[in-house]
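Secondary and tertiary structure notes
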Amino acid sequence: GATLVTVADRKTSVTAPFRGPSDPGLQWLLAAPRPKALRRAARAWSAAGAARAALLAAARAVDPAAAEVALDAMPDQLPPGTEDGFAEAANALGWALTEAVHLPAARRAVDRALALAPHDAAIIDTAAHLAFAEGHADEAVALAQAASAVNADPAFDRPLAVALARFEGRAAPA
């Protein structure tokens, strides 16, 4: 799990979740010369946190307009160590929008998630479901096979097999 860590000087503080002492985001903040770089780091973390929260809020609301705003607010340069969190948030947004058949907004979210974590089985699986919803069964099959190939979580094996069978037009495996 993540721990909240605060780094501060006399004028600025930044609090962010970190996975441990070797977390690259923590190392980046601790190495920053003070105070100007710390203020810049605080602004970057604050903006990144707000952008990630907006992605998750849009996913919970299943709101394509909010999704577009949240995706526009994602920084081009993410603070070190935040890429996984953004990939997960963009993937959650893409999944929710795919399920609600808001496909253009879903495509944008899934493409952003894939750009951040191209070898993540869950994100590739979301891309497969989106491709299937867009009517691209062959692409969905290829993506589902790719997700299965990189999957490291045994609990995810069955959902991937069921999705692949659906995309191929066969009955789900027993």
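Our subject in this report is the structure included herewith. Computed from a predicted structure; not experimentally measured.

**Topic: the environment of Ala54**
Inspection of the secondary structure assignment puts Ala54 in helix H2 (residues 36–61). Counting along the chain gives 15 residues from Ala54 to Val69, while the straight-line C-alpha distance between them is 8.3 Å.

**A closer look at helix H4 (residues 83–99)**
Helix length check: H4 (17 residues) gives 24 Å between terminal C-alpha atoms against 24 Å at 1.5 Å per residue, within 8%. Within the sequence span of H4, burial applies to Gly85, Phe86, Ala87, Ala89, Ala90, Asn91, Leu93, Gly94, Ala96, Leu97 and Thr98. Two residues or fewer past H4, Val101 is found with a positive phi of approximately 60°.

**As for unusual backbone geometry**
Even without a glycine there, the phi angle at Val101 is positive, about 60°. Along the chain, Val101 falls in the loop between H4 and helix H5 (103–116). A relative accessible area of 58% places Val101 in the exposed class.

**Considering the side chain of Thr98**
The topology assignment puts Thr98 in helix H4. On the basis of relative accessibility, which here comes to 6%, the residue Thr98 falls in the buried class. Discounting chain neighbours no more than four positions away, the residues touching Thr98 are Leu103, Ala106, His129, Leu130 and Ala133.

**Concerning the packing of aromatic side chains**
Two aromatic rings are characterised by how far apart their centres lie and by the angle between their planes. Considering all chains together, one arrives at one aromatic pair under this definition. A ring pair is formed by Phe132 and Phe167, whose centres lie 4.9 Å apart and whose planes are at 35°; its orientation type is tilted. Here Phe132, found in helix H6 (residues 121–133), pairs with Phe167, found in helix H8 (residues 157–168); they are 35 residues apart in sequence, far enough to count as distant.

Rules used in this analysis
- Residues numbered from 1 in each chain as written.
- Predicted model: local features only at pLDDT ≥ 70, side-chain atom pairs only at ≥ 80, totals over all residues.
- Heavy atoms only, no water.
- Helix = DSSP H or I, 4+ residues; strand = E, 2+ residues; numbered from the N terminus.
- Expected span 1.5 Å × (residues − 1).
- Buried < 20%, exposed > 50% of the residue type's maximum accessible area, 1.4 Å probe, protein only.
- Contact = heavy atoms within 4.5 Å.
- Phe/Tyr/Trp six-rings, centres within 6.5 Å; stacked < 30°, edge-to-face > 60°.

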